[in-house]
Amino acid sequence: MDKHIVIIGSGLGGLTCGYILAKNGYKVTVLEKGAQLGGCLQTFVRRGAKFETGMHYIGCIEEGQLLHSFFRYLNLLPSLRLSSLNTQAYDIISIGSERYPFANGVENFTEQLVRYFPNERKNLENYWQAIKEATASSPIHSLSTTNEPIVLNPAHIKQSYDAFLAGITGNELLQLVLAGNLPLYAGERGKTPMYIPAFINDFYNRSAYRIVGGSEIIAHSLAQSIRAMGGEVLTKAEVAKINCNDTKATSVTLKTGDEIQGDYFISNMHPARMVEMLNTNLIRKSYSTRIGELTNTISNFTVYIQFKKDTVPYLNSNLYHYETPADVWKGKNYDTATYPKSFLYMHLCAAENQQFAHTAVLIGYMNFDEVAQWQGTKVGQRGENYENFKCEKAEKLLTLLEKQMPGTREYIEHYYTSSPLTYLDYTGTEQGSMYGVLRDCNSSIHSLVSQRTRIPNLFQTGQNVNSHGILGVIIGSILTSGELLGVNHIVRQISNSSNANGRRM
Ligand SMILES: Cc1cc2nc3c(=O)[nH]c(=O)nc-3n(C[C@H](O)[C@H](O)[C@H](O)COP(=O)(O)OP(=O)(O)OC[C@H]3O[C@@H](n4cnc5c(N)ncnc54)[C@H](O)[C@@H]3O)c2cc1C
């Protein structure tokens, strides 16, 4: 076949498309603007301590489960080392002074929460039944082939998650507990469609693991495979322009001025960035306007903590904390005067059977507006005011952490921080948004980003297409690569590469 595919961006979406297409005989070139591959899969090292920036735990990864099948197909299993989170409490939802565990397995999950909500067993069973119905509507989730267009049940797209929860139970506290891991999708009350948390909660409920040594192994392994199949993966290769003739895209121009020709192009950038790089009548003004007007999910402020050696026991759960019930859905509407009222706290896994934590991340929401005044400045050169701003935010988050995990502060050796500007610089995502375009159940069509564009040989991949996260992005990459290969063809390849024991969902 030997057609040449140029992929702009080496995030999970770009690399997964690169792998699938190289495996199917295409000549692949991945162009990454940064010095490191992987976008949100990047890690960084300070004073010998490694930190993950945007992939802290994965699910559905046990033999026979969906991500395991994807990873086998993508040849990721040989380099992957995993550490199971606590099966009785992979997530802990902390509201006020009470803590509620999310346990693996539907029955186990229900049993654990019935201890706190004794009258809610039936409602919890109904909750899981509805989640299972939502995920069953995606044929890719069961690795089934279909000749029908792949669309989810409209009821799951048009109903907000909070409205869905209110229909499941009248117990308002339980509603909040079931929404308690919403930083995983930056959920917004009245907007986040039910299907997003449904897929995510199902995903982690089946199994939940940290990646030992950090998530960058996924990017490196995919890049290595692409190269082994004859493709190229280049860093410090920022695309500045996508060039078109009267009918299609013909080449990209790098910031260096170099031009790279291709037969097909895939953008792994935020769609607004892609549209800015096009100067062609093939894209209608209405499309560019719609893309420019898309709302994005909120960004975050993260404190990367390095502990003194062998002081803090390794926490095998993710802690989602909210000061009061009202803070669960506050999200981007947080109050700067009383910030922070919530956080997500996770230890990172450096080795199997880890006894003590070496590093941790402490994540709080942050609106881009708070750092907009420093936009355009360079990493490390943003000035004293910016450093003071970050220090103040970090101290506030650490104070709240100390309240929840007394004694932690004294064991902190060093800490570092990132803001929405960091994400903007390192991934190019609009306003440092965590998960890209906000899916809104009130305008589901408007917030939809298709893998196709008006330019017949230009496609999109990544978290803005389909959904975010390891599962959402890989499925989106199957849909994007499917534009050239056929989705059924890829699904068959994945099924065939699954082990002889078959799949267990
Ligand atoms: C704080 C945080 C925590 C997260 N935790 C988890 C988690 O625990 N589990 C999970 O499943 N998901 C998690 N996610 C989500 C997940 O990391 C993302 O959804 C996913 O990695 C996004 O992949 P992507 O393909 O869209 O690309 P991105 O990661 O956005 O990468 C895009 C790439 O394109 C490059 N690029 C941009 N412009 C250009 C250009 N002009 N030229 C060349 N290259 C360019 C960028 O440099 C970047 O490398 C988290 C996200 C965040 C922010």
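Note that the coordinates shown come from a computational prediction; the quantities given were computed from them, not determined experimentally.

1. Regarding the overall build of the protein
In terms of regular secondary structure, the protein is built from 15 helices and 20 strands. The C-alpha radius of gyration computed for the protein amounts to 22 Å, which stays within 12% of the reference 23 Å derived for 505 residues, consistent with globular compactness. Taken over the C-alpha atoms alone, the protein extends approximately 60 × 55 × 45 Å along its principal axes. When the 505 residues of the protein are sorted by exposure, 49% land in the buried category.

2. A closer look at the site of the ligand
Around the ligand sit 37 residues, and of these Gly9, Gly11, Gly13, Gly39 and Gly462 come closest. Its residues assigned to classes, the shell around the ligand shows 15 nonpolar, 18 polar and four charged. There are two domains that each give the shell around the ligand at least three residues, and those are domain 1 (4-45 + 64-81 + 213-293 + 448-497) and domain 3 (298-434).

3. Some thoughts on the nonpolar core
Core analysis: the biggest nonpolar cluster contains 137 residues, and Ile7, Leu67 and Leu362 have the highest contact counts within it. Top contributing element to this core by residue count: helix α14 (residues 469-485), with eight residues. Dropping the residues within four chain positions of it, Leu67 is found in contact with Ile58, Gly59, Cys60, Ile61, Ile470 and Leu471.

4. Thoughts on the sheet that holds strand β11 (residues 239-244)
With respect to topology, three strands assemble into an open sheet ordered β11-β12-β13, the strand pairing being antiparallel. Of all the strands in the sheet, the pair left with one neighbour each is β11 and β13 (259-261). On average, each strand axis in the sheet is tilted by 25 degrees relative to the strand beside it, whichever way the strands run. Summarising the sheet, strand β12 (residues 249-254) and β13 pair through three bridges and their orientation is antiparallel. Within β13, the residue paired with Ser251 across the bridge is Gln261.

5. Observations regarding helix α13 (residues 420-427)
For an α-helix, the turn length of 3.6 residues means that residues three or four places apart are oriented alike. Among the eight residues that make up α13, six are buried, leaving the element largely enclosed by the rest of the structure. The complete set of buried residues in α13 reads Pro420, Leu421, Thr422, Tyr423, Tyr426 and Thr427. Where α13 is buried, its residues meet β15 (299-307), β18 (359-366) and β19 (412-418). Of the residues one or two after α13, Gly428 is the one with positive phi, at around 75 degrees.

6. Things to note about the packing of α14 against helix α15 (residues 487-497)
Running from amino to carboxyl end, α14 crosses α15 at an angle of 115 degrees, the nearest separation of the two axes being 7 Å. Contacts between α14 and α15 involve Ile478, Leu479, Ser481, Gly482 and Leu485 from the former and Val487, His489 and Ile490 from the latter.

7. Quick look at the confidence of the model for the protein
The share of residues in the protein with pLDDT of 70 or more is 98%, and the mean pLDDT across the chain is 95. Low confidence marks residues 500-505, where pLDDT is under 50. Its contacts with residues over four positions away, or in another chain, come to twelve contacts.

8. Examining the sheet that holds strand β14 (residues 264-267)
In spatial order, the strands read β10-β2-β1-β14-β20; together these five strands make up an open sheet with parallel pairing. Edge strands, defined here as strands with exactly one partner in the open sheet, are β10 (232-234) and β20 (458-460). Here the strands of the sheet are splayed against their neighbours by 15 degrees on average, with no regard to which way each runs. When strand β1 (residues 4-8) meets β14, the two strands line up parallel, connected through four bridges. Paired with Ile8 across the strands is Ser267, a residue of β14.

9. Side note on helix α8 (residues 195-206)
The end-to-end C-alpha separation of α8 is 17 Å, in line with the 16 Å expected for twelve residues at 1.5 Å each. In terms of burial, α8 is largely enclosed, as twelve of its twelve residues are buried. Within the span of α8, buried status applies to Tyr195, Ile196, Pro197, Ala198, Phe199, Ile200, Asn201, Asp202, Phe203, Tyr204, Asn205 and Arg206.

10. Some thoughts on the environment of Ser69
Looking at where Ser69 falls in the secondary structure, it is placed in helix α2 (residues 66-73). With 429 residues separating them in the primary sequence, Ser69 and Ser498 have C-alpha atoms 5.5 Å apart.

11. Some details on the domain arrangement of the protein
Domain parsing of the protein yields domain 1 (4-45 + 64-81 + 213-293 + 448-497), domain 2 (103-209) and domain 3 (298-434). Summarising the inter-unit geometry, the C-alpha centres of domain 1 and domain 3 are found 29 Å apart. Facing the twelve residues of domain 1 at the interface are seven residues of domain 3. Counted by class, the side of domain 1 that touches domain 3 contains three nonpolar, six polar and three charged residues.

12. Observations regarding the environment of Glu395
Relative to the helices and strands, Glu395 resides in helix α12 (residues 384-404). Taking the number of C-beta atoms within 10 Å as the measure of exposure, Glu395 has 13 and is therefore partly exposed. As a C-alpha pair, Glu395 and Asn75 span 320 residues in sequence and 42 Å in three-dimensional space.

13. With respect to the pairing of strand β4 (residues 49-52)
Across four bridges, the pairing between strand β3 (residues 43-46) and β4 is antiparallel. Each bridged residue has a counterpart across the sheet, and for Val45 the counterpart in β4 is Lys50. Between β3 and β4, which follow one another and run antiparallel, lie two residues, and Arg47 among them has a positive phi close to 45 degrees.

Basis of the calculations
Residues numbered from 1 in each chain as written. Predicted model: local features only at pLDDT ≥ 70, side-chain atom pairs only at ≥ 80, totals over all residues. Helix = DSSP H or I, 4+ residues; strand = E, 2+ residues; numbered from the N terminus. Rg over C-alpha atoms; globule rule 2.2 N^0.38 Å. Buried ≥ 20, exposed ≤ 12 C-beta atoms within 10 Å, placed from the backbone. Near = placed C-beta within 6 Å. Nonpolar A, V, L, I, M, F, W, Y, C, P; charged D, E, K, R; others polar. Domains from an automatic or database assignment. Core = buried A, V, L, I, M, F, W, Y, C linked by C-beta atoms within 7 Å. Contact = placed C-beta atoms within 7 Å. Pairing = 2+ DSSP bridges. Axes fitted to C-alpha atoms, helices over the stretch in contact; angles between N-to-C directions. pLDDT = per-residue confidence, 0-100. Expected span 1.5 Å × (residues − 1).

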